[in-house]
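Structural overview
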Amino acid sequence: MTETSPTVDQVVAAPTYMADIRFFFRPEDVEHMAVRGIELGTYDGAKRNALAIYAHTTQPGGDMPKDEAGKWSAARSQTFRNWIINGFPLGTATPVEPPTVAQPPTRLRKDITTLSDAEFDKLKTAFTGIMARDPAAPDSYFALAGHHGLPNSWCLHREDRFKPWHRVHLRVFEDALRSVPGCEDVTLPYWDIATALPDRLQYPPFDEYVLPTDPGATLKPPLAGYFPYTTQRFPATDIEQNVKIYGVLEDTATSLAQSLWGAYNVNGYQKFSIQAHDSGHGSIGPTMGDQNVASFDPVFWFFHCNIDRLWLSWQTRAGATTLAGFKTTVGPNTDWLTFPPFNTLDPYTETAEQTIEADASYDRLELGAPLAGAMENLSGSMDAARTFSFRSASPVSVRVKGIHRLNIPGSFVVSLLADGEPIAKRFFFQPNDPQACSNCVKNGIVNIDFRMSQEQLLDRTLTVRIDVPRHSGEIGTAFPIAQAGNPTINARLLVGEA
Ligand SMILES: [Cu+2]
């Protein structure tokens, strides 16, 4: 990987995988051993093969790596030995300086509020250009939005390939913008959702989109209800309020502090960034909150550009901007990343592993606070060989676990109530008829995680409620919990290695 260890070559008494050991293996070493079926590039691989690694790399006599420059120093071998003796601690990532890229990506994406008037005019020309194309043309706005929503619904949400799929989706859309005459160098700007909805997105062609044809008509059976259709958004002040109510910025901050990419639906960067994404969708409007049509609202592209920027921010913090670096943050299962057909991103030809090294750069990444210290790797359970301690500041994870989302007719809101008063809410983004969405069906059972402080919960009675905002019939929007697959509520005090 291009990232290098923050520690100089000296013995580390209490090394961890994330802070020290993962930097000991060069991409060429990992590749070289992978062909022999020996995995060095992940935590599990390094742990499993630790004794053999130690024997083959320790001098004198160690025969790996083959080249003189790659030989391990006595200090490195001792550090590795300490890691084995201490029981292979995983630890947390120590944010490293952004790697210097030999050739920075040519596409620089900027904050939409900072575009010059000329740049903004060009962006308008590009959007207007693709919106005016025949909806049947593959590079029309209608067709490209239809990759994500109706009629194709190829988008991968709530699964491991969510971020890779959307990274390609954005680039393909940007390519279409660039195919408009005079817009060859245009890039898609982002809207930083931590700031109010920019004025610039509240006027044509960015305020709304009128569907030129029925996106449900070509489905078998046809899906009614989306034609005629004009995208709808909440007023900017409501959006700002919703972003707060749904904890979008909290989940984003939690995601950026994670050491590990994590497993889908369970932990790590993924878990909290997907939650923040979903809640962002729900904050913006009825169209953005409905997976069938969200991508037709022009704000979708600026919102998702920001999601991609946040992903690159996390990658940079966690030392995960290269494929080798990224793999050190992923758990034992990397099939979704590298093993066909589990890594495909239909309809695009790229596979998940090809999206890790970003093809665009951003004028600003979120590299704030955690850069000063370690990131976190908190969990509700820990290897008995490791030491941990409870602190009064330890957060509590309240997980609403096992929600059968396919039973729920549309996007929904999960609220955590203490003594009957909502203390936190999260929005879950899905189509109105999730049973008809094949990607949804593959991940039908989901969890929502609330990360709370102990004071918010102590001596209070906790309950959960599910609402479906688009249903506001006689009984209101409440959805019977029992019909959502009888989810359980798990509360766990989160601990890290002491
Ligand atoms: Cu989205």
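Refer to the structure presented above.
Looking now at the overall build of the chain. Broken down by element type, the chain carries 15 helices and eleven strands. Computed over its C-alpha atoms, the radius of gyration of the chain comes to 24 Å, within 12% of the 23 Å expected for a compact globule of 498 residues. C-alpha atoms of the chain, sized along the principal axes, occupy 75 × 60 × 40 Å. Across the 498 residues of the chain, 42% fall into the buried class.

So, about the nonpolar core. Grouped together as the largest cluster of nonpolar side chains are 96 residues, with contacts concentrated most on Phe302 and Phe303. The element that contributes the greatest number of residues to this core is helix H11 (residues 299-318), accounting for twelve residues. Those residues in contact with Phe302 that sit more than four places away from it in its chain are Ile112, Pro189, Tyr190, Trp191 and Leu201.

Bringing the packing of helix H10 (residues 268-284) against H11 into the picture now. Between H10 and H11, the least distance of the axes is 11 Å, while the angle of their chain directions is 160 degrees. Between H10 and H11, the angle is such that the two are roughly antiparallel. In this structure, H10 crosses over H11, and the sense of that crossing is right-handed. Here H10 contributes Tyr269, Ser273, His277, Gly280 and Ile284 to the contact with H11, which in turn contributes Val299, Phe303, Ile307, Leu310, Trp311 and Trp314. Tallied by class, residues from the contact of H10 with H11 come to eight nonpolar, three polar and no charged.

Take the sheet that holds strand S6 (residues 412-418) next. Judged by pairing direction, the sheet is antiparallel, and its four strands sit side by side in the order S7-S6-S9-S10 without closing on themselves. In the strand order of this sheet, the two ends are held by strand S7 (421-428) and strand S10 (478-479), each with one partner. Across seven bridges, the pairing between S6 and S7 is antiparallel. Looking at S7, one finds that Leu416 is bridged to Ala424.

That bond from Leu150 to Pro151 is cis: its omega, 0 degrees, falls within 30 degrees of zero. With respect to the secondary-structure elements, Pro151 resides in the loop between helix H6 (141-148) and helix H7 (162-178). Residue Pro341 is reached from Pro340 by a cis peptide bond, and omega for that bond is 0 degrees. Residue placement: Pro341 occurs in the loop between helix H13 (335-338) and strand S2 (344-345). Backbone geometry at Ser153 places phi at a positive 50 degrees, although glycine is not the residue there. Examined against the element boundaries, Ser153 turns out to sit in the loop between H6 and H7.

Next up on the list: the sheet that holds strand S5 (residues 396-404). What the three strands build is an open sheet, ordered S8-S5-S11; its pairing is antiparallel. At either margin of the open sheet sits one strand with a lone partner, and together these are strand S8 (445-452) and strand S11 (488-493). The mean inter-strand angle of the sheet, taken between neighbouring strand axes irrespective of direction, is 20 degrees. Pairing geometry for S5 and S8, over seven bridges, is antiparallel. Counterpart to Val398 in the pairing with S8 is Phe450.

The rules behind the values
Residues numbered from 1 in each chain as written. Predicted model: local features only at pLDDT ≥ 70, side-chain atom pairs only at ≥ 80, totals over all residues. Helix = DSSP H or I, 4+ residues; strand = E, 2+ residues; numbered from the N terminus. Rg over C-alpha atoms; globule rule 2.2 N^0.38 Å. Buried ≥ 20, exposed ≤ 12 C-beta atoms within 10 Å, placed from the backbone. Core = buried A, V, L, I, M, F, W, Y, C linked by C-beta atoms within 7 Å. Contact = placed C-beta atoms within 7 Å. Axes fitted to C-alpha atoms, helices over the stretch in contact; angles between N-to-C directions. Parallel < 35°, antiparallel > 145°, perpendicular 65-115°, else oblique. Left-handed = near helix turned anticlockwise from the far one by under 90°. Nonpolar A, V, L, I, M, F, W, Y, C, P; charged D, E, K, R; others polar. Pairing = 2+ DSSP bridges.

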